[in-house]
Amino acid sequence: MKPLLTLIAAYAICSRIAYAQPDESREFLYLYSDSVIYANRIDLERNYSGSLYLWADSRRIHPEQVKFFNNNRGFFANVKDFNISGETTFSERIRKGRINLYEAKTVDWDSYDDIRIYSRQPSVIASRNYYNKDYGALRKANYINLSEDLADNPQSMAFLHKYRSVKRTQIAMYVTAGLSLIAGIVVMQSAGSDISLNPNGPGFSSDHSTESRLLSGLLISSAGLGLATGGYFMGPSQTKHLKRAIDAYND
C-alpha cells in the first residue's frame, strides 16, 4: 500500500510540471530550468526584512529560481540580472504580443500598512522598462535595443525617434540643472566669504555688491532646481512614446 501511495504522490507532482508553452489561463511558475510548475494559487510575499519569497499553494519556492510567474495579479518577470546587487525583483508585463513590455516600479515599502493586506497603494519612486519575445531573456527597453528589434516597423520607429528626442532633452536639462546648482552655490559661497561680522551688534553687514551676488547665486540655483523638476516631469512623456512604439509593432 505504501509504495502505491508513493507512486501516486510522485505522479501528482510530475503532472504539475511541464516543459511546453505554459497555459496562461492558469497560475504557474516558469523556472530558469525551463520547467513549469502549475498551482491553484501563486503568492509573492515580502517578509519583515524586505526579502521576497514565493508560494505555489503550500510549497515555498526560492524566487531566484523563477524566471516568470503568472497569478491572479498579473504576469511577472524576474529582473535580477539588471540589478547591480543581483537582488531578485519582479517586473509586471504591461503589454503582451510579438513584443512583451514589462514595467518595474521601485516603491516605498514603508508606505504599506502590512506585508500581506495592503490598505493603500505604495509610493512609486521610479520605474524601468524591459521587453522580450515569448519566454526569452529580457532586454532593457532603450532606443538602441528597440531600434534593432522594431526596425521593420516604420510607425514604431517614428515613436522611438520621439522617445529618443525627449530623452535627450531630459538629459540636457539635468546636466544644465546640475551646472546651474553648482554655479549658484559657488557664487553664494564667494559672496558669503565677503560678509563680515558687524562689530556694533549681532547680525551681518555687507555692501550692495555682496548682496547682489547672494541674490544672483540664489536665482541661479533656483533656475537649476526648476530645470531638474522639468526634466523629471518629462519622464511620463518619453514612456508614453515607448509604449506606443510597442503597441504599433504588436498591432
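This text follows the structure it describes.
Residues numbered from 1 in each chain as written. Predicted model: local features only at pLDDT ≥ 70, side-chain atom pairs only at ≥ 80, totals over all residues. Heavy atoms only, no water.

1. Some thoughts on the pairing of strand β4 (residues 42–46)
And then number 1: Of all 5 residues in β4, 4 are buried, a share of seventy percent or more.
And then number 2: Of the strand pairs in this sheet, β4 and strand β5 (residues 52–56) are connected by 5 bridges, and their pairing is antiparallel. Bridge pairing in β5 links I42 to A56.
And then number 3: Hairpin connection from β4 to β5: 5 residues lie between these consecutive antiparallel strands, with G50 at a positive phi of about 95°. (Buried < 20%, exposed > 50% of the residue type's maximum accessible area, 1.4 Å probe, protein only. Helix = DSSP H or I, 4+ residues; strand = E, 2+ residues; numbered from the N terminus. Pairing = 2+ DSSP bridges.)

2. Considerations on the pairing of strand β7 (residues 66–71)
And then number 1: Most of β7 sits out of view: 6 of its 6 residues are buried.
And then number 2: Two strands pair when backbone bridges link them, and strand β2 (residues 27–31) and β7 are joined in this way by 4 bridges, in the antiparallel orientation. Across the sheet, the residue bridging to L31 is V66, located in β7.
And then number 3: Note: β7 against strand β8 (residues 74–78), 4 bridges, orientation antiparallel.

The quantities given are spatial measurements derived from coordinates; they are silent on function.
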